[in-house]
Amino acid sequence: MTSAENTRIDLSASFKAYDVRGIVGETITAGIVEAIGAAFVDVLELAGQTVLVGGDMRPSSPEFCAAFAKGATSRGADVKLLDLISTDELYFACGSFKAAGAMFTASHNPAEYNGIKMAKAGAIPVSSETGLVEIRELSEKYLVEGIPAIGSPGSISEHDVLRDYAEYLRSLVDLSGSRPLKVVVDAGNGMAGLTTPAVLGSRLLPALPFEIVPLYFELDGTFPNHPANPLEPANLLDLQAAVVAHGADIGLAFDGDADRCFVIDEKGDPVSPSAITALVARREIARAKAGSPMHAPETTPVIIHNLITSRAVPELVIADGGRPVRTRVGHSFIKAQMASEGAVFGGEHSAHYYFRDFFNADTGMLAAMHVLAALGEQDGPLSELGREYEPYVSSGEINSKVTDVPAAVARVRSAYGRDGVTIDELDGVTFTADNGDWWFNLRASNTEPYLRLNAEALDAATMDSVRDDVLALVRQP
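Since this is a predicted model, take the numbers as computed values, not measurements. (Residues numbered from 1 in each chain as written. Predicted model: local features only at pLDDT ≥ 70, side-chain atom pairs only at ≥ 80, totals over all residues. Heavy atoms only, no water.)

> Before we move on, could you go through helix α5 (residues 162-172) and cite the residues and values that matter?
Considered for burial, the residues of α5 that qualify are L162, Y165, A166, Y168, L169, R170 and L172. In the core, the buried residues of α5 are packed alongside α3 (87-97), α6 (192-199), α8 (273-290) and α11 (364-376). (Buried < 20%, exposed > 50% of the residue type's maximum accessible area, 1.4 Å probe, protein only. Helix = DSSP H or I, 4+ residues; strand = E, 2+ residues; numbered from the N terminus. Contact = heavy atoms within 4.5 Å.)

> How would you sum up the sheet that holds strand β15 (residues 345-347)? Please name residues and give values.
Read from one edge to the other, the open sheet built from five strands follows the order β14-β13-β15-β16-β17, with strand pairing classed as mixed. Whereas interior strands pair on both sides, the edge strands pair on one side only; in this sheet they are β14 (323-327) and β17 (361-362). Relative to β15, strand β13 (residues 302-306) runs parallel, the two being bridged by three bridges. Bridging across to β15, I304 finds its partner in G346. (Pairing = 2+ DSSP bridges.)

> Describe the pairing of strand β8 (residues 181-186), listing the residues and the values that go with them.
Looking along a regular strand, one sees side chains alternate from face to face of the sheet. The buried fraction of β8 amounts to five of the six residues, a majority that puts the element mostly inside the structure. Sheet topology note: the β8/strand β9 (residues 210-215) ladder contains six bridges and is parallel. Opposite K182, over in β9, you have E211 as the bridge partner. In this fold, β8 hands off to α6, which returns the chain to β9; that crossover is right-handed. The sheet contact formed by β8 and strand β10 (residues 250-254) spans four bridges and is parallel. Following the sheet pairing, D186 is matched in β10 by A253. (Right-handed = clockwise from strand over helix to strand, strands pointing away.)

> Got a sec to walk through the side chain of N306? Specific residues and values, please.
Within the element layout of this structure, N306 appears in strand β13. At 3.1 Å, the side chain of N306 and the side chain of E348 are in polar contact. In this structure N306 touches T327, R328, V329, I334, G347, E348 and H349, once residues within four positions along its chain are discounted. (Polar contact = N/O pair within 3.5 Å; in protein donor to acceptor, adjacent residues only side chain to side chain.)

> Before we move on, could you go through the confidence of the model for the protein chain and cite the residues and values that matter?
Looking at the protein chain as a whole, its pLDDT mean stands at 95, while 98% of the residues score no less than 70. Low pLDDT, under 50, characterises residues 1-5; the predicted model gives this stretch two contacts beyond four residues in sequence or across chains. (pLDDT = per-residue confidence, 0-100.)

> Please set out the packing of helix α1 (residues 30-43) against helix α2 (residues 61-74) residue by residue, giving values where relevant.
The geometry of α1 relative to α2 is characterised by a closest axis approach of 7 Å and an angle of 40° between their N-to-C directions. By the criterion of interaxial angle, the relationship of α1 to α2 is oblique. Judged by the twist between their axes, the crossing of α1 over α2 is right-handed. Judged by residue contacts, A30, V33, E34, I36, G37, A38, F40 and V41 of α1 engage E63, F64, A67, F68, K70, G71, A72 and S74 from α2. Class assignment for the residues of the contact of α1 with α2 results in ten nonpolar, three polar and three charged. (Axes fitted to C-alpha atoms, helices over the stretch in contact; angles between N-to-C directions. Parallel < 35°, antiparallel > 145°, perpendicular 65-115°, else oblique. Left-handed = near helix turned anticlockwise from the far one by under 90°. Nonpolar A, V, L, I, M, F, W, Y, C, P; charged D, E, K, R; others polar.)

> Talk me through the pattern of salt bridges; I want residue IDs and the actual numbers.
One pass over the full model with this rule turns up 25 salt bridges. Note that R21 is salt-bridged to D19, the shortest N-O span being 2.5 Å. Among the salt bridges present, the one from R287 reaches E284, with a minimum N-O distance of 2.9 Å. Taken together, the residues span about one helical turn, with R287 and E284 both in helix α8 at a distance of three residues. The exposure class assigned to R287 is partly exposed, which follows from its relative accessible area of 26%. (Salt bridge = Lys/Arg side-chain N within 4 Å of Asp/Glu carboxyl O.)

Below is the structure:
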């Protein structure tokens, strides 16, 4: 047996269900990335085709982009380097150019991390079910045996997509007629510091009626001010204070790679992603019914929502003449449903928003533009507008560390498996009161001993009671 046959490299620690993510210099290195670039081309059969490669502001991203390009061209692909981009810029490029691509980012993870989000031509995601496992296995082989040489390696060129991206987004939402708005944007030292001036400002395109107040626009992958993870309430505090201090109409917070957007009203209070989903759904239903240059008018536009968004979302969709489709949590499920259903829009509780006219991909910036348009076309404050879309009281997602997840779920089933309660298992277990007073969902983490609880009720007292009762059962010693 040769030494190569006796050696095995295991990349499973950094290959996740939907992307690659690891600690720089440990589970993700330039050598590993080069092998992944070669495997990406071979598994997706991209020799002789264009592969798009870009990265965020993390210090390791330029080196990793170059390494991926080296691996991809060594197997015959022609690489276009997009330089500094947001994740939704990559999706735009993959959709517009009908080319596969790779984005170097670890999204909201700390500075010591980096990773890769991959997409096929048309911005179709590469996940563990659509090639990621095979890419991992072939990468492991190449790391042991070396990347095979070919006679005609591909070329490397550079291409800037920022203007095209900005122009395309503006073609989807007309903001020129908005009333003047003061907008505080917290980029978290992430890629929104580059995309916001291009899309909402006047860096590349004519000025819009917005005064943009920038917060942490300096691109810095060490995140010197706060982690670029707006899902954590502590990371919204600076934005909330700035909105109030500047007397702003709205605040926007993006994560590190700017594919998610969180919204703050003029009082400094968060507007839930479920409310944003309902607001954007209403606009996209109306637009789909009216028709556009890209699509004929539709009678019953489809809206996708995951099962832990507020029930206000499907209720509004039905009231506005759309058809809601409930799906599991996770972007691969949403994007697959978007394509199979021909849906015009999809939203998640985690502030991922998906658009048919954006290649079924998620983009925080386009969602933000819809919110700005809705706010700017009427005279009331965002707090009043948002209340229309938040009629229920939600717990938010609450994590509980438990030693025996099945036993904890069984205790809840025993307590709530009674007449007047409907149970379904689309994703975890959802319990719904037949009288409509409340519902809650328990989902187990795929990687950690956690149970995640999301609860919603007609009023705060009912929600508090259900939440506390379920948590007591889950956390029982």
